[in-house]
Amino acid sequence: MKLSTLKIADIPRPLLLLSLLILALSTLTTFTARLTQLSRQLSLPSIRRFTTTSPTMSSYAKELEIAQLAVQRATLLTKKVFHEKVKGTTDKSDKSPVTIGDYGAQALIITAIRRAFPHDEIVGEEEASDLRSKSSLSGQIWQLVQAARLEDDKAEETLGGPVKSEDEMLDMIDEGRSGGGAKGRIWALDPIDGTKGFLRGGQYAVCLALMVDGDVKVGVLGCPNLPIDDSAQLDEKAGEDATDEGNGVLFSAVAGEGATSRPLTRGGLAEGKTIHMREIEDITQATFCESVEAAHSSHGDQFEIAKKLGISKKSVRMDSQAKYGSIARGAGDLYLRLPVRKDYQEKIWDHAAGDLIVREAGGEVTDANGKRLDFSKGRTLSENSGVVAAPKAVHAQVLEAVKSVLGSK
Ligand SMILES: Nc1ncnc2c1ncn2[C@@H]1O[C@H](COP(=O)(O)O)[C@@H](OP(=O)(O)O)[C@H]1O
Ligand SMILES: [Mg+2]
Ligand SMILES: [Mg+2]
Ligand SMILES: [Mg+2]
């Protein structure tokens, strides 16, 4: 029989039904993929939820994978610098320290974001202008950046390959100069949070978050010096004499999908576990965390607040967003950060990832007035004052103590 004379009636029924089924399935798949893409572009969470085909498939699966791998790769570089006696430290215009580790990690992470999401904006803490006039420092960072490769070709391929040249490295660092804001997709990056801890041999974190229209949707914290074991409880020495030997944890969260921890590796991503804050039955037994640096938060006010809550245990002093990660997995309970100076505005990159990870683990994060942290105002949290993070069930009680201590000053 000639093909041109073939009639539908001539096709065997089972074959016809099978062809129709394949056609219907492929049309549905294309439609669903297009709808998901559209909802992502338009930031429509309700459509996104509807089009997510399985409960384990994240709405921000690609963003989460890139963010985790980019942070993991950057910790290869920071760990190397952590073990060096000389860390290429310079002072920034605000007199705060920055090291070759901070610059190198920022270059690596921004390169990964640029390759995967070329249209996204990035708010990064560091900028390259000082490096452009200090070629020996820039050369040292370039050596480190070239050496920082994940021991997993597929993971490197996912990140879009290495930084191509020293010039590209400097340009990538400067790609972090977005002013932030309430519209569109903006990443907040702190390549080394807790630089003072990093220099002192304490805790530090590599922090990355994606905000969409001012809301944090994805958060990742790489904490090379925290124990892998989620149940390892913090004691008052936890923030001192830290090391990455046998340690290293990668925290992550996606809005509405919970928080996870997994061991940091030198290659691809390890298996993750869901984490939760601890349920506190008796607030007097809570472990509270605060900065090591007295200039970053008021140790005096925090002591008074703990006293008011009946907490007699000494605080755990620890640098960086490792505090957020630690309370999110129930290794501690509260994080208090009350302002020392009225004119200081907290930076979004110091809180975006930690805020989401704690909230997704069952916590509540507000400022000292009980307002949610507002990441839509630019590079700083200009509408907020301080941070109060606690399990949901006791947050109101903690906030009451905060207000009472601050109100009586
Ligand atoms: N006066 C101040 N009040 C609050 N935070 C401050 C501060 N001066 C600097 N910081 C921020 O505190 C961060 C460290 O927080 P912590 O004390 O929890 O480790 C620093 O991040 P970097 O180390 O990334 O610069 C810096 O941005
Ligand atoms: Mg800094
Ligand atoms: Mg920081
Ligand atoms: Mg920093």
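Residues numbered from 1 in each chain as written. Chains lettered and ligands numbered in written order. Predicted model: local features only at pLDDT ≥ 70, side-chain atom pairs only at ≥ 80, totals over all residues. Heavy atoms only, no water.

1. Regarding the sheet that holds strand β11 (residues 316-317)
To keep it simple, the criterion reads: Think of it this way: DSSP has to see at least two bridges between two strands before they count as a pair. Strands here are runs of E lasting at least two residues and helices are runs of H or I lasting at least four, both read from the DSSP assignment and numbered beginning at the N terminus. Contact criterion: two residues are considered in contact whenever any of their non-hydrogen atoms come within 4.5 Å of each other. Lines fitted to C-alpha atoms define the axes, with helix axes restricted to the stretch in contact, and inter-axis angles between N-to-C directions lie between 0 and 180 degrees.
Judged by pairing direction, the sheet is mixed, and its five strands sit side by side in the order β11-β10-β12-β14-β13 without closing on themselves. With partners counted over all chains shown, the strands left at the sheet margins are β11 and β13 (363-366), one partner each. Here helix α10 (residues 299-308) sits on the sheet and contacts β10 (288-290), β11 and β12 (334-337); the angle it forms with β10, its principal contact strand, is near 175°. Sheet strands touched by helix α13 (residues 392-407): β12, β13 and β14 (387-391). Its angle to β14, the strand with the most contacts, is close to 145°.

2. Regarding the side chain of R262
The line we're drawing: Buried means the residue's accessible area, taken with a 1.4 Å probe over protein chains only, is under 20% of the maximum for its type, while exposed means over 50%, and partly exposed covers the values in between. Charged-residue counts in this description rest on Lys and Arg as positive and Asp and Glu as negative, His and the chain ends being excluded. A side-chain nitrogen of Lys or Arg and a carboxyl oxygen of Asp or Glu constitute a salt bridge if their distance falls within 4 Å. Any pair of nitrogen or oxygen atoms within 3.5 Å is treated as a polar contact; in protein, a donor-acceptor pairing is required on top of that, and neighbouring residues in sequence qualify only through side-chain atoms on both sides.
By the element assignment, R262 lies in strand β8 (residues 259-263). Although buried, R262 forms no salt bridge, and the nearest oppositely charged side chain, E271, lies 6.5 Å from it. A polar side-chain atom of R262 sits 2.7 Å from the main-chain carbonyl oxygen of A270. Discounting chain neighbours no more than four positions away, the residues touching R262 are Q68, G248, V249, L250, S252, L269, A270, E271 and G272.

3. Here's the deal with the domain arrangement of the protein
The following threshold applies: An automatic or database domain assignment supplies the start and end points of every domain. Take the accessible area each of two parts loses on contact, using a 1.4 Å probe, and add the two losses: that sum is the buried area.
With domains assigned, the protein is organised as domain 1 (61-275) and domain 2 (283-407). A separation of 23 Å is found between the C-alpha centroids of domain 1 and domain 2. Listed by partner, the interface residues are 57 residues for domain 1 and 35 residues for domain 2. Across the interface of domain 1 and domain 2, roughly 3,300 Å² is buried in total on both sides, 62% from carbon and sulfur atoms. The largest share of the area that domain 1 buries against domain 2 comes from V216, L234 and E236, three residues that together contribute 18% of it. Counting every contact that joins domain 1 to domain 2 gives four salt bridges. On inspection of domain 1 and its partner domain 2, the count reaches 17 residue pairs in polar contact (both at pLDDT 80 or more). Elements supplying a minimum of two residues to the side of domain 1 that touches domain 2: β3 (121-124), β4 (185-193), α9 (195-200), β5 (205-212), β6 (215-227) and β7 (247-254). Per-element tally for the side of domain 1 that touches domain 2: the top contributor is β6, with nine residues.

4. Overview of the site of ligand 1
Selection rule: Whether a residue is near a molecule or strand depends on its heavy atoms: if one lies within 4 Å, it is near. Both site types are read off a 1 Å grid over the protein atoms alone. A 1.4 Å probe that fits but cannot get out defines a cavity, while an open set with protein on both sides within 12 Å along at least five of seven lines defines a pocket; lining residues have an atom within 4 Å of a point. A molecule is counted as occupying a cavity or pocket when more than half of its atoms fall within 2 Å of that pocket's grid points.
With respect to spatial proximity, 16 residues lie near ligand 1, and among them S291, H296, S320, K323 and D350 are the closest. Here an oxygen atom of ligand 1 sits 2.8 Å away from a polar atom, N or O, in the side chain of S291. Here H296 contributes a side-chain N or O atom positioned 2.7 Å from an oxygen atom of ligand 1. Judged by the proximity of its atoms to the pocket grid, ligand 1 belongs to the largest pocket. Here the element with the most residues in the shell around ligand 1 is β4; it accounts for three residues. Residue assignment places the shell around ligand 1 across two domains, with domain 1 (61-275) and domain 2 (283-407) each supplying three or more.

5. A word on the coordination of the magnesium ion (ligand 3)
Cut-off, in case you're wondering: Distances define the donors: N, O and S atoms within 2.8 Å of the metal qualify, as do those within 3.2 Å of Na, K or Ca. Water is excluded, so some sites may look unfinished.
At the metal site, the magnesium ion (ligand 3) is ligated by D190 (OD), D193 (OD) and D350 (OD), and these contacts range over 1.9 to 2.1 Å. For the magnesium ion (ligand 3), all donor residues lie on one chain, and their spacing in sequence is D-x2-D-x156-D. Separation of the magnesium ion (ligand 3) from the magnesium ion (ligand 2) amounts to 5.2 Å. Since its relative accessible area comes to 1%, D190 is described here as buried.

6. Brief notes about the sheet that holds β8
Taking strand neighbours across the sheet as the criterion, the seven strands line up as β3-β4-β5-β6-β7-β8-β9 in an open arrangement whose pairing is mixed. The open sheet is flanked by β3 and β9 (273-274), the only strands paired with a single partner. By the bridge criterion, seven bridges tie β6 to β7 in an arrangement that is antiparallel. Following the sheet pairing, V220 is matched in β7 by S252. Docked against the sheet, helix α4 (residues 100-116) engages β3, β4 and β5, running at close to 155° with respect to β4.

7. A look at the pattern of salt bridges
Counted according to the given criterion, the structure contains 20 salt bridges. The closest approach of N and O atoms between K92 and E126, which form a salt bridge, is 2.9 Å. Taken together, the positions of K92 in the loop between β1 (90-91) and β2 (97-98) and E126 in the loop between β3 and α5 (129-132) put the pair 34 residues apart, joining distant regions of the chain. When its relative accessible area of 17% is taken as the criterion, K92 is described as buried.

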